[in-house]
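Summary of the model geometry
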Amino acid sequence: MSAATDETTSMTEPRSYSLRPESERGADLQRVVRGRISRALEEFTDTAADDLGKGIHEGRKQLKKTRSMLRLLREPLGDDVYKAENDRYRQVGRRLGPARDGEVKLQTLAELHEAGMRLPRGKLLAWRTSLEDEREAALEGARESDLPWAVEQLRKGFSVANQWELPEGGFELVKSGLDRAYRRGRNCFADVRDEPTDERAHELRKRVKDLWYMLDVLSPLWPEVLEPSADEAHDLSSLLGDHHDLTVIVADAQSRDETELTAEAIAVVEEAARERQERLLTESMPIGQRLYAEKRKAFDRRLEGYWNAGTI
């Protein structure tokens with residue numbers, strides 16, 4: 001086991017988010033986690049007030065990447081540490097979720113309108129105004145209470161991550177986490193291919209994100225192979241993210257009463273969203289087929305070979 005990282009390790013240490021040459025891999029992966037946490041803290045504390053929504057969005061992305069790193073390192077960290085820290089970042093993300101959701105809904109509504117969805121002008125403007133008011137209320141709530149709490153939690157999380165002791169040995173450091181991420185994603189892809197429900201597509205998106213973030217971190221082992229795979233996972237995640245955003249805007253429309261959106265208007269939104277979602281899934285399937293073409297054991301062996309032969 002390596003010695004624990006010095007408690008004085010700074011949140012402003014030089015960052016890169018993948019393995020580096022001539023580094024001990026356990027310590028290097030620990031550094032990546034610290035970097036993600038400190039980047040999230042910067043987004044939550046340094047963003048100008050008039051761009052708070054963007055800062056929250058960027059910070060939450062760093063939390064998702066932090067959680068993927070926790071999944072990668074679950075075996076060496078142990079279940080107690082993994083569960084406690086994963087729960088920490090999940091709760092922070094959830095507390096700040098409403099502030100981001102308001103912006104997503106407005107963007108998705110605008111995209112549907114630009115793509116040809118036609119609602120009565122008065123209904124469209126009223127809905128957009130309601131979404132803008134809700135977004136501002138969520139941002140104000142985040143500013144007043146959620147962000148200070150989130151910052152406190154991330155500082156505690158950084159301190160915890162600073163004290164991990166990770167082994168510096170072989171592929172066992174990441175084997176279990178990689179195997180689980182790939183297996184779960186491959187199973188989810190098969191589920192979506194067999195029956196493409198919104199719930200299954202959303203679950204696949206989460207699993208694809210894990211694989212994307214993990215491959216991105218490990219890509220220096222063989223950049224010519226792993227970087228294109230990470231890029232494909234990114235592309236698939238983006239398509240599935242757009243699919244989920246459409247699910248969210250449909251649910252919002254369905255939650256409105258007749259004074260805001262009539263049944264006929266809601267039906268228009270549902271039809272436009274479903275047409276777009278079908279196209280997104282059609283684009284997604286070939287990418288997923290390539291990404292999850294290997295059986296789990298073959299994927300494990302291949303990544304272990306890269307790990308052992310890597311020149312970094």
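A quick note: this is a predicted structure, and the numbers were derived from the prediction, not measured.

Any two packed helices are characterised by how steeply their axes cross, that is the angle between the axes, and by the distance between the axes. Contact geometry of helix α1 (residues 25-46) with helix α2 (residues 52-72) gives a least axis separation of 8 Å together with a crossing angle of 160°. As judged from the angle between their axes, α1 and α2 are roughly antiparallel. When you trace α1 past α2, the crossing you get is left-handed. Listed contacts from α2 to Leu29, Val32, Val33, Arg36, Ile37, Arg39, Ala40, Glu43 and Phe44 of α1 are Gly55, Ile56, Glu58, Gly59, Arg60, Gln62, Leu63, Lys65, Thr66 and Met69. Considered class by class, the residues forming the contact of α1 with α2 number nine nonpolar, four polar and six charged.

Let's shift gears to the environment of Ala265. Checked against the element boundaries, Ala265 lands in helix α9 (residues 263-291). With a relative accessible area of 2%, Ala265 lands in the buried category. Separated by 142 residues in sequence, Ala265 and Lys123 have C-alpha atoms that sit 8.1 Å apart.

Taken as a whole and judged by the stated rule, the model has 27 salt bridges. Between Glu58 and Lys61 there is a salt bridge, and its shortest N-O distance comes to 3.4 Å. Linking Glu58 with Lys61, this pair stays in helix α2, spanning three residues, or about one helical turn. The partner of Lys156 in a salt bridge is Glu152, and the shortest N-O contact between them spans 3.4 Å. Here the residue Lys156 and the residue Glu152 both occupy positions in helix α5 (residues 121-162), the gap between them amounting to four residues, near one helical turn.

Let us now look at the packing of aromatic side chains. Using the criterion set out here, one finds six aromatic pairs in the structure. Geometrically, the ring pair formed by Phe171 and Trp307 is edge-to-face, given 6.0 Å between the ring centres and 65° between the ring planes. You can see Phe171 sitting in the loop between α5 and α6 (172-194) and its partner Trp307 sitting in helix α10 (residues 296-309), a full 136 residues away along the chain. Judged by relative accessible area, Trp307 falls into the buried class, the value being 3%. With 5.0 Å between their ring centres and 85° between their planes, Trp222 and Tyr306 make a pair best called edge-to-face. Of this pair, Trp222 sits in the loop between α7 (198-218) and α8 (223-255) while Tyr306 is found in helix α10, placing the two residues 84 residues apart along the sequence.

Glancing now at the nonpolar core. Of all hydrophobic cores here, the largest spans 85 residues; its most connected members are Leu73, Trp127, Val174 and Leu178. The leading source of residues in this core is α5, at 12 residues. Apart from residues no more than four positions distant in its own chain, Leu73 is found in contact with Leu29, Val33, Trp164, Leu166, Leu173 and Val174.

Rules used throughout
- Residues numbered from 1 in each chain as written.
- Predicted model: local features only at pLDDT ≥ 70, side-chain atom pairs only at ≥ 80, totals over all residues.
- Heavy atoms only, no water.
- Axes fitted to C-alpha atoms, helices over the stretch in contact; angles between N-to-C directions.
- Helix = DSSP H or I, 4+ residues; strand = E, 2+ residues; numbered from the N terminus.
- Parallel < 35°, antiparallel > 145°, perpendicular 65-115°, else oblique.
- Left-handed = near helix turned anticlockwise from the far one by under 90°.
- Contact = heavy atoms within 4.5 Å.
- Nonpolar A, V, L, I, M, F, W, Y, C, P; charged D, E, K, R; others polar.
- Buried < 20%, exposed > 50% of the residue type's maximum accessible area, 1.4 Å probe, protein only.
- Salt bridge = Lys/Arg side-chain N within 4 Å of Asp/Glu carboxyl O.
- Phe/Tyr/Trp six-rings, centres within 6.5 Å; stacked < 30°, edge-to-face > 60°.
- Core = buried A, V, L, I, M, F, W, Y, C linked by side-chain atoms within 4.5 Å.

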